[in-house]
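# Chain and residue survey
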Amino acid sequence: MSDLRDLYQQTILDHTRKPRNKHEMPDATSTADGHNRLCGDKIRLFLKVNAGIIEDISFTGNGCAISTASASMMTEALKGKSVAEAQPLFELFHTMLTSPMDQEPDLEALNKLAVFSGVREFPVRVKCATLPWHTLQAAIKNQDAPVTTE
Ligand code: ZN
(Lines give C-alpha, C1' and ligand atoms only; values in the text may rest on other atoms or scores of the structure.)
Protein backbone atom coordinates (compact mmCIF):
# COMPACT_ATOMS: atom_id res chain seq x y z
CA MET A 1 0.00 0.00 0.00
CA SER A 2 2.83 2.40 0.81
CA ASP A 3 4.46 1.48 -2.50
CA LEU A 4 1.25 2.46 -4.23
CA ARG A 5 1.18 5.72 -2.31
CA ASP A 6 4.77 6.44 -3.35
CA LEU A 7 3.83 5.81 -6.95
CA TYR A 8 0.88 8.17 -6.64
CA GLN A 9 3.03 10.88 -5.13
CA GLN A 10 5.71 10.44 -7.78
CA THR A 11 3.14 10.72 -10.54
CA ILE A 12 1.69 13.91 -9.09
CA LEU A 13 5.17 15.33 -8.53
CA ASP A 14 6.15 14.53 -12.09
CA HIS A 15 3.16 16.44 -13.46
CA THR A 16 3.80 19.34 -11.10
CA ARG A 17 7.38 19.67 -12.28
CA LYS A 18 6.66 19.06 -15.95
CA PRO A 19 3.04 20.00 -16.61
CA ARG A 20 1.70 18.60 -19.88
CA ASN A 21 -0.28 20.78 -22.28
CA LYS A 22 0.52 23.96 -20.36
CA HIS A 23 0.36 26.64 -23.03
CA GLU A 24 -2.05 29.06 -24.61
CA MET A 25 -4.14 27.97 -27.57
CA PRO A 26 -4.78 30.73 -30.11
CA ASP A 27 -7.34 28.71 -32.07
CA ALA A 28 -9.33 27.45 -29.09
CA THR A 29 -13.08 27.13 -29.62
CA SER A 30 -13.71 28.07 -26.00
CA THR A 31 -11.90 29.14 -22.87
CA ALA A 32 -12.82 29.52 -19.23
CA ASP A 33 -11.17 30.87 -16.12
CA GLY A 34 -11.18 29.16 -12.77
CA HIS A 35 -10.13 30.53 -9.41
CA ASN A 36 -9.82 28.68 -6.14
CA ARG A 37 -9.83 31.45 -3.56
CA LEU A 38 -9.16 29.03 -0.73
CA CYS A 39 -5.68 28.28 -2.05
CA GLY A 40 -5.07 31.00 -4.64
CA ASP A 41 -5.00 28.67 -7.64
CA LYS A 42 -5.80 30.33 -10.95
CA ILE A 43 -6.29 28.49 -14.18
CA ARG A 44 -7.33 29.33 -17.73
CA LEU A 45 -8.52 26.40 -19.74
CA PHE A 46 -8.45 26.21 -23.54
CA LEU A 47 -10.61 23.80 -25.49
CA LYS A 48 -10.70 22.98 -29.16
CA VAL A 49 -13.81 20.97 -29.84
CA ASN A 50 -14.78 19.70 -33.27
CA ALA A 51 -17.95 17.68 -33.84
CA GLY A 52 -18.19 16.85 -30.16
CA ILE A 53 -14.56 15.65 -29.90
CA ILE A 54 -11.98 17.37 -27.73
CA GLU A 55 -9.29 17.70 -30.39
CA ASP A 56 -7.03 19.77 -28.19
CA ILE A 57 -7.01 20.95 -24.60
CA SER A 58 -4.50 23.07 -22.72
CA PHE A 59 -4.19 25.33 -19.72
CA THR A 60 -2.22 28.21 -18.30
CA GLY A 61 -2.13 29.77 -14.87
CA ASN A 62 -0.51 29.56 -11.49
CA GLY A 63 -1.47 27.13 -8.83
CA CYS A 64 -0.25 24.80 -6.15
CA ALA A 65 1.24 21.38 -6.87
CA ILE A 66 -2.10 19.57 -6.69
CA SER A 67 -4.02 21.92 -8.97
CA THR A 68 -1.19 22.00 -11.51
CA ALA A 69 -0.84 18.22 -11.56
CA SER A 70 -4.61 17.79 -11.77
CA ALA A 71 -4.87 20.18 -14.72
CA SER A 72 -1.95 18.48 -16.45
CA MET A 73 -3.38 14.98 -16.00
CA MET A 74 -6.89 16.08 -16.92
CA THR A 75 -5.69 17.46 -20.26
CA GLU A 76 -3.77 14.24 -20.91
CA ALA A 77 -6.81 12.13 -20.06
CA LEU A 78 -9.30 14.11 -22.16
CA LYS A 79 -7.43 14.86 -25.36
CA GLY A 80 -9.12 12.93 -28.16
CA LYS A 81 -12.13 12.01 -26.03
CA SER A 82 -15.65 13.24 -26.73
CA VAL A 83 -17.28 15.92 -24.63
CA ALA A 84 -19.88 13.31 -23.71
CA GLU A 85 -17.15 11.05 -22.30
CA ALA A 86 -15.67 13.87 -20.21
CA GLN A 87 -18.81 14.30 -18.13
CA PRO A 88 -18.91 10.87 -16.43
CA LEU A 89 -15.15 11.10 -15.84
CA PHE A 90 -15.67 14.39 -14.01
CA GLU A 91 -18.47 12.90 -11.94
CA LEU A 92 -16.39 9.88 -10.99
CA PHE A 93 -13.38 12.07 -10.15
CA HIS A 94 -15.59 14.24 -7.97
CA THR A 95 -17.18 11.22 -6.26
CA MET A 96 -13.72 9.77 -5.57
CA LEU A 97 -12.66 12.98 -3.82
CA THR A 98 -15.81 13.47 -1.78
CA SER A 99 -16.65 9.94 -0.67
CA PRO A 100 -15.56 8.61 2.75
CA MET A 101 -12.15 6.94 2.91
CA ASP A 102 -13.71 3.51 3.46
CA GLN A 103 -16.13 3.81 0.54
CA GLU A 104 -14.08 4.05 -2.56
CA PRO A 105 -15.99 4.00 -5.84
CA ASP A 106 -14.79 1.81 -8.68
CA LEU A 107 -11.86 3.84 -9.97
CA GLU A 108 -10.96 1.72 -12.94
CA ALA A 109 -12.45 4.15 -15.46
CA LEU A 110 -10.26 6.92 -14.07
CA ASN A 111 -7.03 5.16 -15.01
CA LYS A 112 -4.15 7.40 -13.97
CA LEU A 113 -6.47 9.99 -12.48
CA ALA A 114 -6.97 7.60 -9.55
CA VAL A 115 -3.66 8.89 -8.16
CA PHE A 116 -5.65 11.76 -6.67
CA SER A 117 -7.66 9.47 -4.39
CA GLY A 118 -5.25 10.27 -1.52
CA VAL A 119 -6.23 13.93 -1.72
CA ARG A 120 -9.41 13.03 0.19
CA GLU A 121 -7.31 12.92 3.33
CA PHE A 122 -6.73 16.64 2.92
CA PRO A 123 -10.17 18.25 2.47
CA VAL A 124 -8.64 21.69 1.89
CA ARG A 125 -6.87 20.27 -1.16
CA VAL A 126 -9.98 18.76 -2.76
CA LYS A 127 -10.87 22.08 -4.37
CA CYS A 128 -7.36 22.30 -5.81
CA ALA A 129 -7.80 18.93 -7.50
CA THR A 130 -11.31 19.66 -8.80
CA LEU A 131 -10.65 23.25 -9.98
CA PRO A 132 -9.48 22.23 -13.48
CA TRP A 133 -12.57 20.04 -13.86
CA HIS A 134 -14.97 22.76 -12.77
CA THR A 135 -13.23 25.10 -15.21
CA LEU A 136 -13.68 22.48 -17.91
CA GLN A 137 -17.42 22.45 -17.23
CA ALA A 138 -17.51 26.21 -17.73
CA ALA A 139 -15.49 25.96 -20.95
CA ILE A 140 -17.83 23.30 -22.32
CA LYS A 141 -20.81 25.54 -21.58
CA ASN A 142 -19.09 28.48 -23.28
CA GLN A 143 -18.55 26.76 -26.55
CA ASP A 144 -20.72 27.54 -29.54
CA ALA A 145 -20.24 24.24 -31.36
CA PRO A 146 -23.06 21.75 -30.85
CA VAL A 147 -22.35 19.11 -28.24
CA THR A 148 -23.34 15.59 -29.08
CA THR A 149 -24.99 13.63 -26.29
CA GLU A 150 -24.57 10.09 -27.55
ZN1 ZN B 1 -4.30 24.69 -4.54
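Everything in this summary refers to the structure shown in the same document. (Residues numbered from 1 in each chain as written. Predicted model: local features only at pLDDT ≥ 70, side-chain atom pairs only at ≥ 80, totals over all residues. Heavy atoms only, no water.)

### Here we look at the sheet that holds strand β2 (residues 41-50)
- Taken in spatial order, the three strands line up as β1-β2-β3 in an open sheet, and their pairing is antiparallel. Looking at the sheet topology across the chains shown, the edges are occupied by β1 (30-36) and β3 (53-62). For this sheet, the mean inter-axis angle between neighbouring strands, taken without regard to orientation, is 20 degrees.
- Relative to β3, β2 is paired through nine bridges, and the arrangement is antiparallel. Paired with Arg44 across the bridge in β3 is Thr60.
- Contacting β1, β2 and β3, helix α4 (residues 123-142) crosses the sheet at an angle of about 150 degrees to β1. (Pairing = 2+ DSSP bridges. Helix = DSSP H or I, 4+ residues; strand = E, 2+ residues; numbered from the N terminus. Axes fitted to C-alpha atoms, helices over the stretch in contact; angles between N-to-C directions. Contact = heavy atoms within 4.5 Å.)

### Points about the coordination of the zinc ion
- Here the zinc ion is held by Cys39 (SG), Asp41 (OD), Asp41 (OD), Cys64 (SG) and Cys128 (SG), and the distances to it run 2.2 to 2.6 Å.
- Mapped onto the polypeptide sequence, the residues donating to the zinc ion form the spacing pattern C-x1-D-x22-C-x63-C.
- The exposure class assigned to Asp41 is buried, which follows from its relative accessible area of 1%. (Donors = N, O, S within 2.8 Å, 3.2 Å for Na, K, Ca; no water. Buried < 20%, exposed > 50% of the residue type's maximum accessible area, 1.4 Å probe, protein only.)

### Here's the deal with the pairing of β2
- Note that β1 and β2 share seven bridges and pair antiparallel. Bridge pairing links Ala32 to Leu45 in β2.
- Two successive antiparallel strands, β1 and β2, enclose a turn made up of four residues, where Gly40 displays a positive phi of approximately 95 degrees.
- A loop of two residues connects β2 with β3, the two strands running antiparallel in sequence, and Ala51 in this loop sits at a positive phi of about 55 degrees.

### A closer look at helix α3 (residues 83-98)
- Taking 1.5 Å per residue as the helical rise, α3 with its 16 residues ought to reach 22 Å, and the 23 Å between its terminal C-alpha atoms agrees with that figure.
- Tucked inside the fold, the buried residues of α3 contact β2, β3, α2 (65-78) and α4. (Expected span 1.5 Å × (residues − 1).)

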